[in-house]
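# Structural overview
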Amino acid sequence: MSSRIAVVPGSFDPPTLGHLDVIRRAAALYDELHVLVVHNPGKEALLPIAQRLALLEQSIEESDITGQVIVASWSVGLLVDYATDVGAGVLVKGIRSQIDVAYETPMAIVNRHLAHVETVFLLPDPAHALVSSSLVRQVSSLGGDVSPFVPPAVARFLDPGASRT
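Residues numbered from 1 in each chain as written. Predicted model: local features only at pLDDT ≥ 70, side-chain atom pairs only at ≥ 80, totals over all residues. Heavy atoms only, no water.

## Comments concerning the packing of aromatic side chains
Each pair of aromatic rings is reported with the distance of its centres and the angle of its planes. If you walk through the whole model with that rule in mind, you get 1 aromatic pair. Ring centres of W74 and Y82 lie 5.4 Å apart, and the angle between their planes is 65°; on these two criteria the pair is classed as edge-to-face. (Phe/Tyr/Trp six-rings, centres within 6.5 Å; stacked < 30°, edge-to-face > 60°.)

## Concerning the nonpolar core
Membership of the largest hydrophobic core comes to 20 residues, with the highest contact counts inside it found for V8, I23, L33, V35 and V92. Only strand 1 (5-10), helix 1 (17-29), strand 2 (32-38), helix 2 (49-62) and strand 4 (90-94) provide two or more residues apiece to this core. Residue contributions to this core peak at 5 residues, all from helix 1. (Core = buried A, V, L, I, M, F, W, Y, C linked by side-chain atoms within 4.5 Å. Buried < 20%, exposed > 50% of the residue type's maximum accessible area, 1.4 Å probe, protein only. Helix = DSSP H or I, 4+ residues; strand = E, 2+ residues; numbered from the N terminus.)

## Focus: the sheet that holds strand 4
One open sheet accounts for 5 strands, arranged 3-2-1-4-5; its pairing is parallel. Of all strands in the sheet, those bounded by a partner on one side alone are strand 3 (68-74) and strand 5 (118-122). Across the sheet, the axes of successive neighbouring strands diverge by a mean angle of 30°, strand direction being ignored. When strand 1 meets strand 4, the two strands line up parallel, connected through 2 bridges. From the neighbouring strand, V7 faces strand 4, where its bridge partner is L91. Along the sheet, helix 4 (residues 98-115) contacts strand 4 and strand 5; its crossing angle with strand 5, the most-contacted strand, is approximately 155°. (Pairing = 2+ DSSP bridges. Axes fitted to C-alpha atoms, helices over the stretch in contact; angles between N-to-C directions. Contact = heavy atoms within 4.5 Å.)

## Some thoughts on helix 4
For helix 4, built from 18 residues, the straight-helix expectation of 26 Å at 1.5 Å per residue is met to within 8% by its first-to-last C-alpha distance of 25 Å. The largest bend in helix 4 amounts to roughly 30° and is located at E104, with the proline P106 lying one to four residues further along. Of the positions making up helix 4, those classed as buried are D100, E104, A108 and N111. Elements in contact with the buried residues of helix 4: helix 3 (79-86), strand 4 and strand 5. For helix 4, the N-terminal capping position is held by S97, with its side-chain oxygen 3.2 Å away from the main-chain nitrogen of I99. Just past helix 4, the residue H116 takes up positive phi, approximately 55°. (Expected span 1.5 Å × (residues − 1). Bend = angle between axes of the 7 residues up to and from the residue. Polar contact = N/O pair within 3.5 Å; in protein donor to acceptor, adjacent residues only side chain to side chain.)

Spelled out as structure tokens, the structure:
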């Protein structure tokens, strides 16, 4: 039997509980899951990629997500190039609303055309349906408590009064 490999791409700036929900469920569906921090030139990042990788790794470890989960980054070339390089035939995307569907559908069609890579959309747990990294960045920048929306490692990192070790 061949290995089923999938990629969960995102900016993860910062990682949220919604991201972890998608990662947890995707890890249960595939033999190997690559959580891929991608550079989005259309967005101004709050955190450098290295920090996002570290927070994702720590959050995944603390969440007891099981399965073979690999955290990596990709900043040059097409997402499907990474998928092809690691033998993945599937991209997994979390979809919160029809806005996400409208944004993701054309990319899914192009990715299938370019590299025969399918896209699977996972609907969020209702508890995380309205949480986005942008919302977390905004609340955090104004001094608000983001702990209900992010993994503990991210909450500790974003808390201005906490130690960043």
